[in-house]
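Notes for the structure review
What follows is the residue order along each chain.
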Amino acid sequence: MDVPENAPEECPGTQSESAGKAASCEGCPNQQTCASGQPKAADPDIKVIAERLRSVRHKILILSGKGGVGKSTFTGQLAFGFAQDEKCQVGVMDVDICGPSMPRILGVEGEQVHQSGSGWSPVYLADNICVMSVAFLLASADDAVIWRGPRKNGLIKQFLRDVDWGALDVLLVDTPPGTSDEHLSIVQLLKEAGLDGAVVVTTPQEVALLDVRKEIQFCRKVGVPILGVVENMAGFACPRCQTVTEIFPPTTGGAERMCADMNVPMLARIPLDPRIGQCCDEGVSFVTRHPESPAANALRELVDRIRLQINLDGEPVAAAAASGAER
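Residues numbered from 1 in each chain as written. Predicted model: local features only at pLDDT ≥ 70, side-chain atom pairs only at ≥ 80, totals over all residues. Heavy atoms only, no water.

**Here we look at the environment of F248**
Mapped onto the elements, F248 comes out in the loop between β10 (244–245) and α8 (254–262). Here the alpha-carbon distance between F248 and V187, two residues 61 residues apart in the chain, equals 33 Å. Excluding residues within four positions of it along the chain, F248 makes contact with P204, Q205 and M233. (Helix = DSSP H or I, 4+ residues; strand = E, 2+ residues; numbered from the N terminus. Contact = heavy atoms within 4.5 Å.)

Okay, here's the thing in structure tokens:
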């Protein structure tokens, strides 16, 4: 069966009589072409995006199979963690189109996107950290984004093709839960730009791990390297005494057992500290405000581990951009 690499899992195949017409084709970027019976040409914007992101050294997807595991919170605090190194240029792209929360978590809610001759300018919250989100394009923070797949895919392409990200060391892509249109689109559009891999976020409960297993299989099917799994809310860290108490017992062994069974790296276990939520509401770095917390220690160790995995301390971004221009 001929199935495009960016097609949904239930794709009937491009040669099927139901190609482009089946219920599973709804929202697929190939739907119109399959329905017409014409062969699909390569998307010319893929090369444009690769050129646009040439000065972005490392691109990392943040994924979760289940909603509510703290993925966006984790993405924001991971960005703050990388940005503690003032020489590290960090970007965050929020492709959770229907639930964009990165502006609030990063403290830039209500800001506007400006356009120049080089494209849209991401919003900067510090000299070395910027973010782009659909939330900046809405008239009100209460506005609902009620879009079907093709329009979501179009905006994701704009974020990659039309945003002037400049020279970045790390671009973190915050995705919605699941394995749907947004995930297929971002993987397809970045296939020539160089995607370092994905960090998958879960909690200890089996109800979350069930969906995370699907997310790992998704990564394997579409060829996205798995940097590892982060178990969020792995115990409760008392703000007073710093003692960590288990509140969500891992009835099936938790993320550690799942990683061993599926042969993927276990990156970190981050305990739940109630002050993390407060920092997200205020748009500030938890690691900076509460460096003594076990959760802050876990985040710092995680940043160090990812830096090592992607060789972030290798060639600096300015030099990489210059060498790319020479080529």
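**Description of the packing of helix α5 (residues 149–161) against helix α6 (residues 181–189)**
Running from amino to carboxyl end, α5 crosses α6 at an angle of 35 degrees, the nearest separation of the two axes being 9 Å. α5 and α6 meet at a crossing whose hand is right-handed. Contacts from G149, K152, N153, I156, K157 and L160 of α5 reach α6 at D181, E182, S185, I186 and L189. Residues belonging to the contact of α5 with α6 are distributed by class as follows: 4 nonpolar, 3 polar and 4 charged. (Axes fitted to C-alpha atoms, helices over the stretch in contact; angles between N-to-C directions. Left-handed = near helix turned anticlockwise from the far one by under 90°. Nonpolar A, V, L, I, M, F, W, Y, C, P; charged D, E, K, R; others polar.)

**Topic: the packing of helix α2 (residues 45–52) against α5**
For the pair α2 and α5, the least separation of the axes is 9 Å and the interaxial angle reads 40 degrees. Taken together, the axis directions place α2 and α5 in an arrangement best described as oblique. Facing α2, whose interface residues are D45, V48, I49 and R52, α5 presents K157, L160 and R161. Among the residues forming the contact of α2 with α5, the class breakdown is 3 nonpolar, no polar and 4 charged. (Parallel < 35°, antiparallel > 145°, perpendicular 65-115°, else oblique.)

**Brief notes about the confidence of the model for the protein chain**
The share of residues in the protein chain with pLDDT of 70 or more is 92%, and the mean pLDDT across the chain is 89. Here residues 318–327 scores under 50 on pLDDT; set against residues more than four positions off or in separate chains, the count is 6 contacts. (pLDDT = per-residue confidence, 0-100.)

**Structural notes on the nonpolar core**
F74, F82 and W165 are the most contacted members of the largest nonpolar core, which has 91 residues in total. If you tally residues by element for this core, the top one is helix α11 (residues 294–309), at 7 residues. Those residues within four positions of F74 in sequence are excluded, and the remaining contacts are I62, V199, V201, V230, I270, L299 and L302. (Core = buried A, V, L, I, M, F, W, Y, C linked by side-chain atoms within 4.5 Å. Buried < 20%, exposed > 50% of the residue type's maximum accessible area, 1.4 Å probe, protein only.)

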